[in-house]
Amino acid sequence: MRSFSGWFARAGVLRNDNPKGPWGGRGGSEGGSGGGDGPTGPRNPWNLPPEGRRARPTAATSLEDFLRRARGNGGGGGGSSDGGRGGPGLPTSVGRLWLIGLVVLLGLWLVTCVHVVGPQERGVATSFGRYTGTLEPGFKLTLPAPFASVQMVDVKEVRTENFPAGNQPNLMLTGDQNIVDLGYSVRWDIKNPSNYVFEIAEPQETVRAVAESAMRAAIANVELDQAIGAGRVAIEGDVQQRMQALLDEYDAGIRILGVAIKQAAAPAAVDDAFKAVTAAQQEAQSNLNDARAYAQQVIERAQGDAAQFDRIYEQYRMAPEVTRRRLYYETMEQVLRGADKTIVEPGVQTYLPLPEVRRRATPAPTPEPPAPEAMETAQ
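### A short note on the overall build of the protein
Piece 1. Looking only at helices and strands, the protein has eleven helices and nine strands in total.
Piece 2. Counting only residues that meet the buried cut, the protein has 23% of its 379 residues in that class.
Piece 3. Within the protein, contacts between residues separated by at least 24 positions form 58% of all contacts whose residues are at least 6 apart in sequence.
Piece 4. When the accessible surface of the protein is totalled, it reaches about 27300 Å², and 58% of it is carbon and sulfur.

The following block contains the structure:
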């Protein structure tokens, strides 16, 4: 509102209060001085009015009135506070606002020079868009914006990527032309902040793409039994090594901390058939293990017999007659061990069936009486 009032005041200055002349409200021209047209006609502005020069002890000219109005002091007959002297200027309140705003902007500009780097952070500093260094934890100073900028990077945070992202299957082809549904996770962090900021545009998407490629390459080199069984540890190490080599080739500034296979199974559509095949394979493996154990026993027995024969042969070479007799006795002992036999001394003529007599002399076992419940049941 004050701005509009000032403009109206300036417009009022240009309006002449006295339409009879541009130098104030005076009467007609001076008589006889310049040959004016009289009181009613147009008068000469350079002549005095007919009634003579009026006293103007405090009168102000139109120019002074304009200056006062430009300063915001208004018009009127009285003189200004500065004695009618001075030039036009702005209000002091506007100047103060401009000064306060300038100081605030300067303070904010200087604040951009100070950077507080946390213990687990690193600051990637650039000057005019060019990389200048990495700021360590603490209070650091750089050039103010927009000449320099600092991007904070958390180098201690361990990020985890899960595959697959949702509940959909993640099918991969093994080396023996089978399909496995695989679920795994990858843990990684930042080892070089500058490379992490400048070398790759989308770090998370890059890590996921590299993990998918490395896992498929590792699964393609193993069989299904290894992928779902004891070969998981070897696969995890292979994938981690492949990922780190590929990211180092990209200068990504990323370190792979570990790969963990959480699920490895056949696809749901062929799960029943796969279980039947697995059971048959386990049975075949069990039969194969039994056959190998029996063959090992036979081989060990044969080796033992061969070693015993070698020992007997050594003894036979040293004492053939004694060895031959001992072998005869041992063989007859093995043959007659389970047979009924009677030994008759020379000169004895009567044959006594001693084994049969012995069997008859041995009383037969008495059968136990049946239990009372059994007798009642039979009745």
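### Considerations on the confidence of the model for the protein
Piece 1. Scored by pLDDT, the protein comes out at a mean of 77, with 67% of its residues at no less than 70.
Piece 2. Counted against residues more than four places away or in other chains, residues 1-39, with its pLDDT under 50, gives 44 contacts.
Piece 3. Here residues 73-90 scores under 50 on pLDDT; set against residues more than four positions off or in separate chains, the count is 23 contacts.

### Brief notes about the pattern of salt bridges
Piece 1. Tallied over the full model, the rule gives eleven salt bridges.
Piece 2. We note a salt bridge from D248 to K191, for which the minimum N-O separation is 3.1 Å. With D248 in helix α7 (residues 232-250) and K191 in the loop between β8 (179-190) and α4 (193-198), the pair connects residues that are 57 residues apart, well separated along the chain.
Piece 3. For K191, a relative accessible area of 41% corresponds to the partly exposed category.
Piece 4. Salt bridges sharing partners connect three or more residues here, namely E321, R324 and R325.

### With respect to the sheet that holds strand β2 (residues 121-127)
Piece 1. The sheet built from three strands is open, its strands ordered β3-β2-β5 with antiparallel pairing. The open sheet has two free edges, formed respectively by β3 (130-135) and β5 (148-154), since each of these has just one partner strand. Strand after strand, the sheet turns through a mean of 25 degrees between neighbouring axes, direction not considered.
Piece 2. Bridge count between β2 and β3: five bridges; the pairing is antiparallel.

### Quick look at unusual backbone geometry
Piece 1. Cis geometry is found at the peptide bond from A145 to P146, where omega equals 5 degrees.
Piece 2. Locating P146 in the fold gives a position in the loop between β4 (138-141) and β5.
Piece 3. The omega torsion of the bond from F163 to P164 falls at -5 degrees, within 30 degrees of zero and hence cis.
Piece 4. Along the chain, P164 turns up in the loop between β6 (159-163) and β7 (171-173).
Piece 5. In the Ramachandran plot, F128 falls in the positive-phi region, its phi being about 55 degrees despite a non-glycine side chain.
Piece 6. Locating F128 in the fold gives a position in the loop between β2 and β3.
Piece 7. On the accessibility criterion, F128 (63% relative accessible area) is exposed.

### A few points about the packing of helix α5 (residues 203-219) against α7
Piece 1. Following both chains from N to C, one finds α5 and α7 inclined at 135 degrees, their axes separated by 9 Å at the closest point. With respect to α7, the element α5 is oriented oblique. In this structure, the crossing between α5 and α7 has a hand that is right-handed. Counting all contacts with α5, which are made through T206, V207, V210, A211, A214, M215, A217, A218 and I219, the residues of α7 involved are I235, D238, V239, R242, M243, L246, L247 and Y250.
Piece 2. Grouping the amino acids of the contact of α5 with α7 by side-chain chemistry returns 14 nonpolar, one polar and two charged.

### A look at the nonpolar core
Piece 1. Counting 36 residues, the largest nonpolar core has M215, I219, I235, M243 and I254 as its most contacted members.
Piece 2. Going through the elements one at a time, β8, α4, α5, α6 (224-228), α7 and β9 (254-265) are the ones with two or more residues in this core.
Piece 3. It is α5 that provides the largest number of residues to this core, a total of seven residues.
Piece 4. Apart from the residues lying within four places of it in its own chain, the contact partners of M243 are V186, V207, V210, A211, A214, I256 and V259.

### Concerning the packing of aromatic side chains
Piece 1. Within this structure, the stated rule accounts for four aromatic pairs.
Piece 2. Ring geometry for Y131 and F198: centres 5.8 Å apart, planes at 70 degrees, overall edge-to-face. Pair noted here: Y131 is in strand β3 and F198 is in helix α4, with a separation of 67 residues, a long-range link.
Piece 3. Geometrically, the ring pair formed by Y328 and Y329 is tilted, given 5.9 Å between the ring centres and 55 degrees between the ring planes.
Piece 4. For Y328, a relative accessible area of 49% gives the class partly exposed.
Piece 5. One residue, R159, lies across the ring of W188, its end atom 5.3 Å from the ring centre.

### Some thoughts on a nonpolar patch on the surface
Piece 1. A contiguous nonpolar surface patch, about 620 Å² in accessible area, is contributed by L106, W109, L110, F128, L143 and F147.
Piece 2. Here L106 shows up in helix α3 (residues 92-111).

### Description of the pairing of β6
Piece 1. The alternating pattern of β6 places R159, E161 and F163 on a buried face and T160 and N162 on a face that is not buried.
Piece 2. When β6 meets β8, the two strands line up antiparallel, connected through five bridges. For R159, the partnering residue across the bridge sits in β8 and is W188.

### Details of α7
Piece 1. The end-to-end C-alpha separation of α7 is 27 Å, in line with the 27 Å expected for 19 residues at 1.5 Å each.
Piece 2. Residues I235, E236, V239, M243, Q244 and L247 constitute the buried set of α7. The buried residues of α7 occupy an angular sector of 160 degrees when projected down its axis, which confines them to one face. More than 90 degrees from the buried face of α7, the exposed residues found are A234, Q241 and E249.
Piece 3. Against the buried residues of α7 lie β8, α5, α6 and β9.
Piece 4. Just downstream of α7, D251 is the residue with a positive phi angle, here 55 degrees.

The rules behind the values
- Residues numbered from 1 in each chain as written.
- Predicted model: local features only at pLDDT ≥ 70, side-chain atom pairs only at ≥ 80, totals over all residues.
- Heavy atoms only, no water.
- Helix = DSSP H or I, 4+ residues; strand = E, 2+ residues; numbered from the N terminus.
- Buried < 20%, exposed > 50% of the residue type's maximum accessible area, 1.4 Å probe, protein only.
- Contact = heavy atoms within 4.5 Å.
- Areas by Shrake-Rupley, 256 points an atom, 1.4 Å probe, with all protein chains shown as cover.
- pLDDT = per-residue confidence, 0-100.
- Salt bridge = Lys/Arg side-chain N within 4 Å of Asp/Glu carboxyl O.
- Pairing = 2+ DSSP bridges.
- Axes fitted to C-alpha atoms, helices over the stretch in contact; angles between N-to-C directions.
- Parallel < 35°, antiparallel > 145°, perpendicular 65-115°, else oblique.
- Left-handed = near helix turned anticlockwise from the far one by under 90°.
- Nonpolar A, V, L, I, M, F, W, Y, C, P; charged D, E, K, R; others polar.
- Core = buried A, V, L, I, M, F, W, Y, C linked by side-chain atoms within 4.5 Å.
- Phe/Tyr/Trp six-rings, centres within 6.5 Å; stacked < 30°, edge-to-face > 60°.
- Lys NZ or Arg CZ within 6 Å of the ring centre and 35° of its normal.
- Patch = residues over 30% accessible without salt bridge, like charges linked within 9 Å, V, L, I, M, F, W, Y side chains within 5 Å.
- Expected span 1.5 Å × (residues − 1).
- Arc of directions from axis to C-beta.

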